[in-house]
Amino acid sequence: MTTGSADLVIVANRLPVDRVTLPDGSLDWRRSPGGLVSALEPVMRSNDGAWIGWPGVAGEELEPFVDDGLSLVPVALSETEVEEFYEGFSNGTLWPLYHDVVAKPEFHREWWDAFVTVNQRFADKAATVAAKDATVWVQDYQMQLVPQMLRELRPDLRIGFYLHIPFPPAELFQQLPWRREILEGLLGADLVGFQLSGAAQNFVRLVRQRVGHKTHRDMVYLPDGRSVRAAAFPISIDAEDFEKLARSDSVNARAAQIRTALGNPERVLLGIDRLDYTKGIYSRLRAYSELVKDGHFDVNDSVFVQVATPSRERVEQYRVLRDDIDRLVGRINGDLGRIGQPVIAYLHSSYPRHEMAALYRAADIMVVTPYRDGMNLVAKEYVACRYDNDGALVLSEFAGAANELRQAWQVNPYDINGMKSAILGAATSDEKERTRRMKAMRKTVSEHDVASWADGFLAELAAVRPSHGKPVRPVRPA
Ligand code: GDG
């Protein structure tokens, strides 16, 4: 097989760019916002990296191109594959199954067939792009078969896999008709990374039970002599960059403008989520509305701003959720709001990073209450923006971030009364208490940023497979 020239290859469902139409009608690419891109960009640049992914438009066959110094390799998906591989198996089967079956996963054999076909296409592409002995880092649940498929084509490669979402307990994973194939797909990697150590343990236990391989602690020993390590690498954000943005005059001016537009309330509560049923938006808004109804908050001096970024709008469960939230917000504001004073200021839209930072700056209480979340970067972004050491974070125990952000007001998102008490506790806390908590959380977020996440994973990958592959140069040399 002919090899390519990239020493580091990222394989992800999406390319890190979005297609945009310029005012003159021509097409161009814009870097998509997000921590993963900013985390991997420096390491890609210092390692002749290439990024393989779908450009986000069905049916387009594009040649590899360079965008702002990054080498991008598009993989085409047909309209049917977008429906069956992406909306179907990835987001209709795996996403709910891996998030505690918060919604019912659907199992369709034609979705699975499309998943296999598309994963094989990504593996084939990676095999032609990677240089001899290169490192390939495969990202997330849409790509779980790629490690094994790639290993068969290119045994010389050092392969890592990282799962951004939770890995479910055995009792749930076992529902999947293709459970063994997924486990074997992941075992093609030398290192399988998870957000939390509990997820890594779930994986190793399932491998032992379902595939029958020998395991010891975080290691799996394969019959061919190869070994695979499963471990936790909690993802993070570019904290320094967020703080810099938050400190800028323009962000602070915009934050003041937002508060004025809200009627200068005494208290602004904030939720920012992709509009997803895992994020617990419905129960959170109910909890807050009950606090207003019970007289703990007054619409004259408090408002809850909920930003719900449009997401997966062609998937039925997401359309139903949107309608449910629309109805709930309408009912709450109809019952409890006043002219010019809604209980909930609801925004179904996505915003530039600058506006996100201004919202974080404007919020006294950030409410993050997913039923289950791999990490939740919004919680960490809020903390990074609070350089004044003020502001309160209410955080679900079931977000990966709860493991690190121990000083948040932690809640069980299924317990509405518990959420009410936590929101009230945060709202009535004194400044000293908020500062104590925020300082501790800020230390955690700034010490464990996304560069240390990427360097930590790649260094461990090199250690697991020392005799093969060129070393990857770290973002921040030790
Ligand atoms: C998955 C896992 C894990 C949101 N709206 C806008 C916007 N965002 C940005 C946020 C944040 C990111 O999107 C969302 O990240 P989360 O971690 O909160 O959630 P998921 O999208 O579900 O991410 C999750 C993550 O992967 C990383 O491993 O933490 O558990 O589910 O960065 O700021 N950004 C902009 N405009 C918006 O309207 N610019």
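Residues numbered from 1 in each chain as written. Predicted model: local features only at pLDDT ≥ 70, side-chain atom pairs only at ≥ 80, totals over all residues. Heavy atoms only, no water.

Peer 1: Can you help me understand the domain arrangement of the protein chain in this one?
Peer 2: Interface size is often expressed as the accessible area that is lost when the parts come together. Per the domain assignment, the segments making up the protein chain are domain 1 (6–235 + 451–464) and domain 2 (239–446). Here domain 1 and domain 2 have C-alpha centroids that lie 30 Å from each other. Of the residues lining the interface, 20 residues belong to domain 1; the matching set on domain 2 comes to 20 residues. Summed over both partners, the interface of domain 1 with domain 2 buries about 1,600 Å², with 58% contributed by carbon and sulfur atoms. (Domains from an automatic or database assignment. Contact = heavy atoms within 4.5 Å. Buried area = accessible area lost by both parts, 1.4 Å probe.)

Peer 1: Any chance you could explain the site of the ligand here in plain terms?
Peer 2: Surrounding the ligand, one finds 20 residues, the nearest of these being His164, Tyr351, Asp373, Leu377 and Glu381. In the model, an oxygen atom of the ligand is placed 2.8 Å from a nitrogen or oxygen of the Arg274 side chain. About the coverage of the ligand: the protein hides 85% of its 730 Å² of free accessible area. Of all elements in the fold, only helix 12 (353–362) and helix 13 (377–385) reach the threshold of two or more residues within the shell around the ligand. Here the element with the most residues in the shell around the ligand is helix 13; it accounts for three residues. Within the shell around the ligand, the residues separate by chemical class into nine nonpolar, six polar and five charged. In this structure, the shell around the ligand is formed jointly by two domains, domain 1 (6–235 + 451–464) and domain 2 (239–446), each of which donates at least three residues. (Near = heavy atom within 4 Å. Polar contact = N/O pair within 3.5 Å; in protein donor to acceptor, adjacent residues only side chain to side chain. Areas by Shrake-Rupley, 256 points an atom, 1.4 Å probe, with all protein chains shown as cover. Helix = DSSP H or I, 4+ residues; strand = E, 2+ residues; numbered from the N terminus. Nonpolar A, V, L, I, M, F, W, Y, C, P; charged D, E, K, R; others polar.)

Peer 1: Got a minute to help me understand the environment of Ala131 in this structure?
Peer 2: Relative to the assigned elements, Ala131 resides in strand 7 (residues 130–139). With a relative accessible area of 6%, Ala131 lands in the buried category. In this structure the C-alpha to C-alpha distance between Ala131 and Ser5, which are 126 residues apart in sequence, comes to 4.3 Å. The residues touching Ala131, leaving out its near neighbours within four places in the chain, are Thr3, Gly4, Ser5, Ala6, Asp7, Arg154, Asp156 and Leu157. (Buried < 20%, exposed > 50% of the residue type's maximum accessible area, 1.4 Å probe, protein only.)

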